[in-house]
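# What the coordinates show
Here is what each chain is made of, one letter per residue.
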Amino acid sequence: MREVRLASTVMVDLRDRSGPGGTCRWNEDGTRAAPDPREFFPDLDRPARMDLPSRFVLAAGGLLPPLPEALRDATGVVLGTATGCLAVDRDFAATLALRPQPSLYARTLPTTAGAELSRALGLRGPGLAVVQETSPGYQALVAAWQEAASGACDAVICGEYHVPPADGTAPWVVLALLVAVSCDPPGRLLECRYLGAGDPGPGADLRDLLGSLGERGPWQREVLLEGGRWRVSLAAVSE
Amino acid sequence: MLPAIGREDRLVGEDPRITGMAACCALGGDARTAWRNLLAGTTGLRPDGTGTVTGAMPHPPWEGEGDPWAACIAGVAREAIGDAGEDPARALADPATGLVVATTKGDIEGLRRPGRPDSLGPFLRRVRRALGHQGPAELVSAACASGSAALVRADRLVRGRVCRRVLVIGADRLDPFLVEGFRCLGAMAPGPCRPYDDEREGLSLGEAVAALWIEGGSGPGVRLAGTGQSQDAAGMVRPDPSGGGLALAIRRALAEAGGGATGAICGHGTATEANDAMEAEAFRAVFGTSPPPVFGIKGATGHTLGACGTLEALVSAIALREGLLPPTAGHRAGSLGLDVTLSPRALPEGRILSVNSGFGGLNVALVLEASR
């Protein structure tokens, strides 16, 4: 197994964007407008017709540090989600009796947002979505860690997107860049260890991983994924 | 900057093996019947009464009380565990038994359910409840490559020593949502689909539940010798016409499997103009002008979406066990430069490569070989 390091994290919600470049705000006026991914990817084709999960994921992906060209063939994208493409599904289902929209149907998959990110960044490693109610972001983190540790790819952008239909909860995206190669800065050693079966209980979302990055010492968290307890740990910051 | 420092040995655990299998699809309510019908060149595709040809499961098993779709999936899964000689209830209650469910839409009918309509989010919990499963579980989606991506996840769970065995389930069912969706994309064939054929006009949809019981260690069964994944990073619906993305996944799978001949390819073979041509390009890029014989099952089962990768791995496993390649239902003649099976033939010595590609440019390749 190879060592895997957490190189970077970013977060986007309706109001803030936080990443290596700092935090900035939009939607100060209280609107619920989704981010415009052309801010980071000016060549995108018809972003206005893009589904909301893709727009949020692209806005977050644009904040990640640039990946070297040589690494892009071996970089994957693994995203977890509890909401998946439900909003798009409902929109398409509503058109069935009238005039089904092909552009909408093509986006009725939970992998759409990750595939858009891969297309924008030119990533050709594994692409996967995990969809479940309990801790989908951590499940994606564990799967991504296994991919990188196994040697199936050298880097993975993983994370969680929560972009529900209009149900009152606010959308957000957290992305993490895992690398199994040397990098500068070196990042923090990440380990994921299976602790055994676990009873159903409240899960966790990946936003609390971000809090860990403010701490310089080692950090660990036990998290319940679907049916199993895992320990996710980060080594102390290297001096 | 993140310069690559090279690869180390990939995995520490034991090779995963398929030791039990079960399926319900348009070709039959069990794997043995489906294989017999596949060998006979039978197609399970039928007019569905709405002007479309689809591959429906023999008796809609989700008609009933409670959660019939989850119960149907659980029934097929228990059969796969029993096929491996294990007691399903005991195996599923073992916390060292993992579960990976592959689907594109889960319970798509749930979208029309009053209350909190959903199709995917709660699906894993429902399947686990129907199974009485206790161990780690995940639901994976990689578009039409979901079923084979689930086998990659099982590989990681077994080799990484998270689980001693893993139940892999691929499941998707027919629904107007899907039929109208592919119809509005212009991807549906007017009649039964014809994979790799010069007169192919598009795909036929199907539905299936396929389940594989995966164990680590040496012994009889079918070994998952290599896995490869890639993304085209090109179009969202149409595959990269160069086949470069799929070729990358195949090369990764073959490299992981180490040396050894590829005896045959179980192709994705959706019978769309773009997919089949892309596959031919990928096979030539990897194997040269004479790729190994290719067979496809979607002319018999329909395109079962998130289930197809699991179902095709199952068919490949039986083909390895029987030493026989099935004919490609719906195929008559093609000029893609592929040796497509027209009738049953002996499997040339070697492994079977099974490939799938999906929307978003997701590709998965699996290398399967008989284990004595």
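Residues numbered from 1 in each chain as written. Chains lettered and ligands numbered in written order. Predicted model: local features only at pLDDT ≥ 70, side-chain atom pairs only at ≥ 80, totals over all residues.

### Section: the overall build of chain B
Put simply, the rule reads: Each helix corresponds to a stretch of at least 4 residues labelled H or I by DSSP, and each strand to a stretch of at least 2 residues labelled E; elements are numbered beginning at the N terminus. Every radius of gyration here is taken over C-alpha atoms, with the globule rule written as 2.2 Å times N^0.38, N being the number of residues. Think of it as a crowd count around each C-beta: if 20 or more other C-beta atoms lie within 10 Å the residue is buried, if 12 or fewer it is exposed, and in between it is partly exposed, with C-beta placed from the backbone throughout. Two residues form a contact once the distance between their C-beta atoms, set from the backbone, is within 7 Å.
If you tally the helices and strands in chain B, you get ten helices and 15 strands. Compactness check: chain B gives a C-alpha radius of gyration of 19 Å against a globular reference of 21 Å for 372 residues, within 12% of the reference. With the principal axes as the frame, chain B shows a C-alpha extent of 55 × 50 × 50 Å. Taking all 372 residues of chain B together, 66% fall into the buried category. Restricting to contacts in chain B with at least 6 residues of sequence separation, those with at least 24 account for 79%.

### Things to note about the overall build of chain A
Secondary structure assignment for chain A yields seven helices and ten strands. By the compact-globule yardstick of 18 Å for 239 residues, chain A fits well, its C-alpha radius of gyration being 18 Å. Viewed in the frame of its principal axes, chain A has a C-alpha envelope of about 55 × 40 × 35 Å. Looking at chain A as a whole, 55% of its 239 residues are labelled buried. A sequence separation of at least 24 residues applies to 70% of the contacts in chain A between residues at least 6 apart.

### Some remarks on the interface of chain B and chain A
The following threshold applies: Strand pairing is defined by DSSP finding a minimum of two bridges between the two strands.
Counting residues at the interface gives 56 residues for chain B and 60 residues for chain A. Of the pairings in the sheet, the one linking strand E5 (residues 127–131) of chain A to strand E5 (residues 137–141) of chain B comprises two bridges and is antiparallel in character. Opposite alanine 129 of chain A, over in E5 of chain B, you have serine 141 of chain B as the bridge partner.

### Examining the sheet that holds strand E2 (residues 46–47) of chain B
All names here are of chain B. If you walk across this open sheet you meet the three strands as E2-E3-E7, and the pairing is mixed. Single-partner strands in this sheet number two, and they are E2 and strand E7 (205–206). Relative to strand E3 (residues 53–55), E2 runs antiparallel, the two sharing two bridges. Across the sheet, arginine 46 pairs through a bridge with threonine 54, a residue of E3.

### As for the pairing of strand E4 (residues 97–102) of chain B
Residues and elements named next belong to chain B. The element E4 is largely enclosed, with a buried count of six among its six residues. Alternating positions in E4 separate into two faces, Thr97, Leu99 and Val101 on one and Gly98, Val100 and Ala102 on the other, with burial throughout. Judged from the six bridges that link them, E4 and strand E6 (residues 165–172) form a sheet pairing that is parallel. Within E6, the position partnered with glycine 98 by the bridge is valine 166. Sheet analysis places E4 next to E5, joined by four bridges and oriented parallel. Paired with valine 101 across the strands is leucine 139, a residue of E5.

### Topic: the pairing of E6 of chain B
Residues and elements named next belong to chain B. With respect to burial, E6 is a largely interior element, eight of its eight residues being buried. What you see with E6 is no split at all: Arg165, Leu167, Ile169 and Ala171 on one side and Val166, Val168, Gly170 and Asp172 on the other are buried throughout. Two strands pair when backbone bridges link them, and E6 and strand E8 (residues 208–216) are joined in this way by eight bridges, in the antiparallel orientation. Looking across to E8, one finds that isoleucine 169 is bridged to alanine 211.

### Section: the domain arrangement of chain B
Residue and element names in this part refer to chain B. So the rule is basically this: For each domain, the first and last residues come from an automatic or database assignment. Classes in brief: Ala, Val, Leu, Ile, Met, Phe, Trp, Tyr, Cys and Pro nonpolar; Asp, Glu, Lys and Arg charged; the others, Gly included, polar.
Domain boundaries assigned for chain B yield domain 1 (16–216) and domain 2 (221–371). Here the C-alpha centroids of domain 1 and domain 2 sit 19 Å apart. Facing the 61 residues of domain 1 at the interface are 60 residues of domain 2. Breaking the side of domain 1 that touches domain 2 down by element, the ones donating at least two residues are strand E1 (16–25), helix H1 (31–39), E3, helix H5 (146–159), E6, E7 and E8. For the side of domain 1 that touches domain 2, the element with the highest residue contribution is H5, accounting for eight residues. Of the residues belonging to the side of domain 1 that touches domain 2, the class tally is 36 nonpolar, 17 polar and eight charged.

### As for the packing of helix H7 (residues 244–257) of chain B against helix H8 (residues 273–287) of chain B
Residues and elements named next belong to chain B. Note the threshold: To get an axis, fit a line to the C-alpha atoms, keeping to the stretch in contact for a helix; angles then go from 0 to 180 degrees between the N-to-C directions. Each angle is binned into one of four classes, with values under 35 degrees roughly parallel, values over 145 roughly antiparallel, values of 65 to 115 roughly perpendicular, and all other values oblique. Helix crossings are classified by the rotation of the near helix relative to the far one: an anticlockwise turn of less than a right angle makes the crossing left-handed, while a clockwise turn makes it right-handed.
Contact geometry for H7 and H8: axes closest at 8 Å, N-to-C directions at 45°. On the basis of the axis angle, H7 is oblique to H8. By crossing handedness, the relation of H7 to H8 is classed as right-handed. Each of Leu246, Ala247, Ile250 and Arg251 in H7 lies in contact with H8, whose residues at this interface are Met278, Glu279, Ala282, Ala285 and Val286. Looking at the contact of H7 with H8 residue by residue, the classes come out as seven nonpolar, no polar and two charged.

### Let's talk about unusual backbone geometry
Residue and element names in this part refer to chain B. A positive phi angle is found at alanine 143, which is not glycine, with a value near 55°. Locating alanine 143 in the fold gives a position in the loop between E5 and H5. Phi is positive for arginine 161, close to 60°, though the residue is something other than glycine.

### Quick look at helix H2 (residues 68–83) of chain B
Residues and elements named next belong to chain B. What counts, and what does not: Between the first and last residue of a helix there are one fewer steps than residues, each counted as 1.5 Å, and that sum is the expected span.
Compared with an ideal rise of 1.5 Å per residue, which puts 16 residues at 22 Å, H2 spans 22 Å between its outermost C-alpha atoms and is within 8% of the ideal. Burial within H2 is extensive, with twelve of its 16 residues counted as buried. Among the residues of H2, those classed as buried are Trp69, Ala70, Cys72, Ile73, Ala74, Val76, Ala77, Arg78, Glu79, Ala80, Ile81 and Asp83. Of the surrounding elements, those touching the buried residues of H2 are E1, helix H3 (88–93), helix H4 (123–131), E6 and E8. Residue glycine 85 follows H2 closely and has a positive phi angle near 85°.

### Here's the deal with the packing of H2 of chain B against H4 of chain B
Residue and element names in this part refer to chain B. The interhelical angle for the contact between H2 and H4, taken along N-to-C directions, is 55°, at an axis separation of 9 Å. The orientation of H2 relative to H4 falls into the category oblique. The way H2 lies across H4 gives a crossing that is right-handed. Here Ala70, Ala71, Ile73, Ala74 and Ala77 of H2 come into contact with H4, specifically with Arg126, Val127, Ala130 and Leu131. For the contact of H2 with H4, the per-class residue count stands at eight nonpolar, no polar and one charged.

### Thoughts on the confidence of the model for chain B
This is how it is decided: How sure the predictor is of each residue is captured by pLDDT, a score from 0 to 100.
A residue-level look at chain B finds 95% of positions with pLDDT of 70 or above and a mean pLDDT of 93. Here residues 1–12 of chain B is modelled with pLDDT under 50, and outside its nearest four sequence neighbours on either side it reaches 28 contacts, counting other chains as well.

### Observations concerning the environment of cysteine 158 of chain A
Residues and elements named next belong to chain A. Position of cysteine 158 relative to the elements: it lies in strand E6 (residues 155–162). Sequence spacing of cysteine 158 and alanine 144 is 14 residues, and the spatial spacing of their C-alpha atoms is 6.3 Å. Every residue in contact with cysteine 158, bar those within four places of it in the chain, is listed here: Val78, Leu79, Ala140, Leu141, Ala144, Ala176 and Leu178.

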